[in-house]
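# Descriptive structure summary
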Amino acid sequence: MNTDSIINNILDSYKKYGGINEAGVDSFPNRENVVMVLHDLQCLIFPGYRTAEEIDEINIRYITGQRVNRIVSVLTKEIQKAFIYEIAQCKQRGEAASNKLCFSLAEKTALALVEAIPEIRRQVHLDTIAAYNGDPAAKSDEEVIVSYPGLEAIVVYRLAHFLTSVGVPVIPRIMSEHVHGKTGIDIHPGATIGESFFIDHGTGVVIGETTVIGNNVKIYQGVTLGALSVKKSLQDKKRHPTIEDDVTIYANATILGGKTIIGKGSTIGGNTWITKSVPPNSMISQNDNN
């Protein structure tokens, strides 16, 4: 078979099976563009740590301004695509009106995210302190910032969660799955996570969409906060557990179910399997009957 025939067969498969994202305002959000924006956002959170740039008091305003403008420009276009693809109010009008409406909504949303950066930085600062205080191996906040995958996953979660909370489809999942691939930590952007959250080591951690986590919670590698059932009919139900304040969950513990509550101040031992609520200040080991 010659090259032309091979190319024709590939093109025919595009028509037959789909899975092609053609250029245009009504295309699906582009993963590479979203990842580029995410990198800029992470640099706004921790300037000078993620790129080989020299920041000082003179140029920091210029560098920050460049990033903000680039984020708003690129993210607006990607959010516009997501809105046109999924939001009914953008689809139900004529094409020109639809594009104009969705662009306006997208621009306001992108601006809202960069406006929220100081508050997100406050939250991330508390997460950084929690990691430093929670790990005897940590020598400084700076070491946590540059080397802890748990903190990187939490930073991306807080950015993606903001976008989820204001109704942006698709893009938060692209962000969360990008960092999932880098760190092995899978946090759904729809989860609700309080302040001073620490994930130690982190590989294999799974936090489901309807999980609720309080303040000052620490979890270790391999922890799953999951659902008892993955039936599609339960899509709009609370499927994942609630973890109250000051809880520690050790490695490879599995906690399942939307009605399962881990009470404040509890310690969940490694390799435990929990499908029922646990009272406050409990200590649960794998030998306990759950």
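Here the structure is a predicted model, which is why all the values come from computation and not from measurement.

So, about the overall build of the protein chain. A count of helical and extended segments in the protein chain gives nine helices and 14 strands. Taken over the C-alpha atoms alone, the protein chain extends approximately 60 × 55 × 45 Å along its principal axes. For the protein chain, buried positions account for 44% of its 290 residues. The contacts of the protein chain with a sequence gap of at least 6 include a subset with a gap of at least 24, amounting to 47%. Here the protein chain has roughly 15,300 Å² of accessible surface; of this, 52% comes from carbon and sulfur atoms.

This brings us to the nonpolar core. Generally speaking, nonpolar side chains in soluble globular proteins are found buried as a group. If you look at the biggest cluster of nonpolar residues, it comprises 44 residues, and the most contacted ones within it are Leu159, Ile171 and Met175. Elements with a contribution of two residues or more to this core: helix H2 (31-45), helix H3 (60-86), helix H5 (95-115), helix H6 (117-134), helix H7 (141-147), helix H8 (149-165) and helix H9 (171-183). The element contributing the most residues to this core is H3, with eight residues. Residues in contact with Leu159, not counting those within four places in the same chain, are Leu38, Leu41, Ile45, Leu113, Ile117 and Ile120. If you look at the next biggest cluster of nonpolar residues, it comprises 26 residues, including Ala191, Val205, Ile213 and Ile268.

Within the secondary structure, Gly194 sits in the loop between strand E2 (192-193) and strand E3 (198-199). The buried category is assigned to Gly194, whose relative accessible area is 15%. The spacing of Gly194 and Glu244 is 50 residues in sequence and 9.4 Å in space, taken between C-alpha atoms.

This part takes up the packing of H2 against H8. Following both chains from N to C, one finds H2 and H8 inclined at 105°, their axes separated by 11 Å at the closest point. The angle between H2 and H8 places the two elements in the roughly perpendicular class. Here Leu38, Leu41, Gln42 and Ile45 of H2 lie close against H8, whose contacting residues are Glu152, Val155, Val156 and Leu159. For the contact of H2 with H8, the residue count by class is six nonpolar, one polar and one charged.

For Asp246, which is not glycine, the phi dihedral falls at a positive 60°. For Asp246, a relative accessible area of 33% corresponds to the partly exposed category. A positive phi angle, close to 65°, is found at Asn252, a residue other than glycine. Assignment of secondary structure puts Asn252 in the loop between strand E9 (248-249) and strand E10 (254-256). Under the relative-accessibility criterion, Asn252 is labelled partly exposed at 41%.

Glancing now at the environment of Pro29. Within the fold, Pro29 resides in the loop between helix H1 (3-17) and H2. Residues Pro29 and Val170, spaced 141 residues apart in sequence, show a C-alpha to C-alpha distance of 7.7 Å. Apart from the residues within four sequence positions on either side, Pro29 is in contact with Asn21, Glu78, Lys81, Ala82, Val170, Ile171 and Ile174.

With that settled, consider the environment of Ala253. Along the chain, Ala253 turns up in the loop between E9 and E10. Accessibility expressed as a relative area gives 0% for Ala253, which makes it buried. Taking C-alpha positions, Ala253 is 8.6 Å from Leu225, a pair spaced 28 residues apart along the chain. Once residues within four sequence positions are removed from consideration, Ala253 is found in contact with Gly222, Val223, Thr224, Ile268, Gly269, Asn271 and Thr272.

It is worth spelling out the sheet that holds strand E4 (residues 206-207) at this point. Pairing between sheet strands relies on hydrogen bonds along the backbone, with the strands arranged either parallel or antiparallel. Reading across the sheet, the five strands line up as E1-E4-E7-E10-E13 and stay open at both edges, with parallel pairing between neighbours. At either margin of the open sheet sits one strand with a lone partner, and together these are strand E1 (186-187) and strand E13 (273-274). Note that E10 and E13 share two bridges and pair parallel. Residue pairing across strands places Thr254 opposite Trp273, the latter belonging to E13.

Our focus in this paragraph is a nonpolar patch on the surface. Residues Met1, Ile6, Ile7, Ile10, Leu11, Tyr14 and Ile20 make up a contiguous nonpolar surface patch of about 680 Å² in total accessible area. If you trace the backbone, Ile6 turns up in helix H1. Ile6 sits in the partly exposed class, given a relative accessible area of 40%.

Our next topic: the side chain of Ser282. By secondary structure assignment, the location of Ser282 is in the loop between E13 and strand E14 (283-284). A distance of 2.6 Å separates a polar side-chain atom of Ser282 from the backbone oxygen of Pro279. When neighbours within four sequence positions are excluded, Ser282 is seen to be in contact with Ser266 and Thr267.

Reading guide: rules and limits
Residues numbered from 1 in each chain as written. Predicted model: local features only at pLDDT ≥ 70, side-chain atom pairs only at ≥ 80, totals over all residues. Heavy atoms only, no water. Helix = DSSP H or I, 4+ residues; strand = E, 2+ residues; numbered from the N terminus. Buried < 20%, exposed > 50% of the residue type's maximum accessible area, 1.4 Å probe, protein only. Contact = heavy atoms within 4.5 Å. Areas by Shrake-Rupley, 256 points an atom, 1.4 Å probe, with all protein chains shown as cover. Core = buried A, V, L, I, M, F, W, Y, C linked by side-chain atoms within 4.5 Å. Axes fitted to C-alpha atoms, helices over the stretch in contact; angles between N-to-C directions. Parallel < 35°, antiparallel > 145°, perpendicular 65-115°, else oblique. Nonpolar A, V, L, I, M, F, W, Y, C, P; charged D, E, K, R; others polar. Pairing = 2+ DSSP bridges. Patch = residues over 30% accessible without salt bridge, like charges linked within 9 Å, V, L, I, M, F, W, Y side chains within 5 Å. Salt bridge = Lys/Arg side-chain N within 4 Å of Asp/Glu carboxyl O. Polar contact = N/O pair within 3.5 Å; in protein donor to acceptor, adjacent residues only side chain to side chain.

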